[in-house]
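This is what each chain is made of:
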Amino acid sequence: MTHEIIIAPSILSSDFAKLGEEVRAVDTAGADWIHVDVMDGHFVPNITIGPDVVKALRPHSKKPFDVHLMIAPCDAYLGAFAEAGADMITVHAEAGPHLDRSLQIIKGLGKRAGVSLTPSTPETALEYVLDKLDHVLVMTVNPGFGGQTFIPAQLHKIRAIREMIGSRPIRIEVDGGINADTAPLVVEAGANTLVAGSAVFKDREYAGNIEAIRAAALRARAAA
Ligand SMILES: O=C(CO)[C@@H](O)[C@H](O)COP(=O)(O)O
Ligand SMILES: [Fe+2]
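Residues numbered from 1 in each chain as written. Chains lettered and ligands numbered in written order. Predicted model: local features only at pLDDT ≥ 70, side-chain atom pairs only at ≥ 80, totals over all residues.

For clarity, the cut-off: UniProt positions are given in the numbering used here, feature names are shortened, and annotations may be inferred rather than shown by experiment.
Going by an unreviewed UniProt entry, the protein chain carries the name Ribulose-phosphate 3-epimerase and comes from Methyloceanibacter superfactus. The Sequence similarities (unreviewed entry) comment attached to the protein chain in UniProt states, word for word, "Belongs to the ribulose-phosphate 3-epimerase family." Per UniProt, the protein chain carries the Catalytic activity (unreviewed entry) text "D-ribulose 5-phosphate = D-xylulose 5-phosphate".

Next comes the structure, spelled out in structure tokens:
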């Protein structure tokens, strides 16, 4: 179903000293998916977690694990993340060298496949792989860190992607600077899956924070 609004808290903004507890907390607080940011210090200027951590977190929630790979090259690691418990695996169009092959591998592993676009990459990068996509992840900040400011120019790209995918059951996910103020903007543009890190983990009110983003998104969708 592509109609519902999905909220995916990014555990990048959680307390890494108690990751299992944090995953359980956002699960209980109403997260639909758990967004896991994997960074290699090469494709992006930060290093986070690998498949062993995903595997260790897997027993802490039954919610889908949405694994966002900010690594290049990625193909050699797709099997390890699938085995560790990823449900969705997203690779970057810019990570190269063979996006179509990466998507074929993900689908071959029986996982839902997505492509992410950094802010400077046009939507045309998706044109010849649409048939292999379960979701597109539009970065609304430059990848690498949580807590950055939303880039409004990406709204145009979201609209273009909405137009491009037509009736295909491909979700449009947005990631970066999403909160109760920016959620309505991206939903109005056509997004239906919202990643939020700092806006969820900013204080201990995870349920209230998730609900605020969801309510703002649903209001925008109802008004659209
Ligand atoms: O992929 C990334 C960053 O590269 C994201 O998933 C961030 O973790 C989102 O954090 P906020 O911008 O919501 O604080
Ligand atoms: Fe992410």
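### Regarding the overall build of the protein chain
Threshold: Counting from the N terminus, the helices are DSSP H or I runs at least four residues long and the strands are E runs at least two residues long. Radius of gyration here is computed from C-alpha atoms only, and the compact-globule reference equals 2.2 Å multiplied by the residue count raised to the power 0.38. Think of it as a crowd count around each C-beta: if 20 or more other C-beta atoms lie within 10 Å the residue is buried, if 12 or fewer it is exposed, and in between it is partly exposed, with C-beta placed from the backbone throughout.
Counting its secondary structure elements, the protein chain contains 8 helices and 8 strands. For 224 residues, the compact-globule estimate of 2.2 N^0.38 gives 17 Å, and the C-alpha radius of gyration of the protein chain, at 16 Å, lies within 12% of that figure. Counting only C-alpha atoms, the protein chain reaches 40 × 40 × 30 Å along its principal axes. By residue count, 46% of the 224 residues in the protein chain fall in the buried class.

### A short note on the pairing of strand E4 (residues 88-92)
Selection rule: Strands are labelled as partners when DSSP assigns at least two bridges between them. When the strands point away from the viewer, a crossover counts as right-handed if the path from the first strand over the helix to the second runs clockwise.
Counting buried positions over the 5 residues of E4 gives 5, a clear majority of the element. Where burial is concerned, the two faces of E4 agree: the one with Met-88, Thr-90 and His-92 and the one with Ile-89 and Val-91 are both buried. With 3 bridges joining them, strand E3 (residues 65-70) and E4 adopt parallel strand pairing. Of the residues in E4, the one forming a bridge with Asp-66 is Met-88. In terms of strand pairing, E4 meets strand E5 (residues 112-117) through 5 bridges, oriented parallel. Across the sheet, the residue bridging to Thr-90 is Gly-114, located in E5. The handedness of the E4 to E5 crossover, carried by helix H4 (residues 99-108), is right-handed.

### Quick look at the UniProt feature "binding site: substrate" (unreviewed entry) in the protein chain
Put simply, the rule reads: Think of it this way: build a C-beta for each residue from its backbone, and any pair within 7 Å is a contact.
In the numbering adopted here, UniProt assigns the feature "binding site: substrate" (unreviewed entry) to Ser-10, His-68, Gly-144, Phe-145, Gly-146, Gly-147, Asp-175, Gly-176, Gly-177, Gly-197 and Ser-198. Position of Gly-177 among the secondary structure elements: in the loop between strand E7 (171-175) and helix H6 (183-189). Aside from chain neighbours lying at most four places away, what touches Gly-177 is Thr-140, Val-141, Gln-148, Thr-149, Phe-150 and Thr-182. In this fold, Ser-198 is placed in helix H7 (residues 198-201). In this structure Ser-198 comes out as partly exposed when scored by C-beta crowding, with 17 C-beta atoms within 10 Å. Excluding anything up to four places from it in sequence, Ser-198 contacts Ser-13, Gly-146 and Gly-147.

### Considerations on the pairing of E3
Burial within E3 is extensive, with 6 of its 6 residues counted as buried. Residues Phe-65, Val-67 and Leu-69 point to one face of E3 and Asp-66, His-68 and Met-70 to the other, with burial holding for every one of them. Note: strand E2 (residues 34-39) against E3, 6 bridges, orientation parallel. Counted as the bridge partner of Val-38 is Leu-69 from E3. Of the crossover connections in this fold, the one passing from E2 over helix H2 (residues 51-57) to the parallel E3 is right-handed. Handedness of the crossover joining E3 and E4 through helix H3 (residues 75-84) is recorded here as right-handed.

### Regarding the environment of Ile-6
With respect to the secondary-structure elements, Ile-6 resides in strand E1 (residues 6-9). With 21 C-beta atoms counted inside 10 Å, the residue Ile-6 sits in the buried group. Expressed as a C-alpha distance, the spacing of Ile-6 and Thr-193, which sit 187 residues apart in the sequence, is 4.5 Å. Once residues lying within four places of it in the same chain are set aside, the contact partners of Ile-6 are Asp-32, Trp-33, Asn-192, Thr-193 and Leu-194.

### Quick notes on helix H1 (residues 19-28)
So the rule is basically this: Arc definition: directions from the helix axis to the C-beta atoms.
When H1 is considered as a whole, its buried residues turn out to be Glu-22, Val-23, Ala-25 and Val-26. With its buried residues spanning 160 degrees around the axis, H1 presents them on a single face. Seen from the buried face of H1, the exposed residues on the opposite side, beyond 90 degrees, are Glu-21 and Thr-28. Among the structural elements, E1, E2, H2, H7 and helix H8 (206-223) are those in contact with the buried residues of H1.

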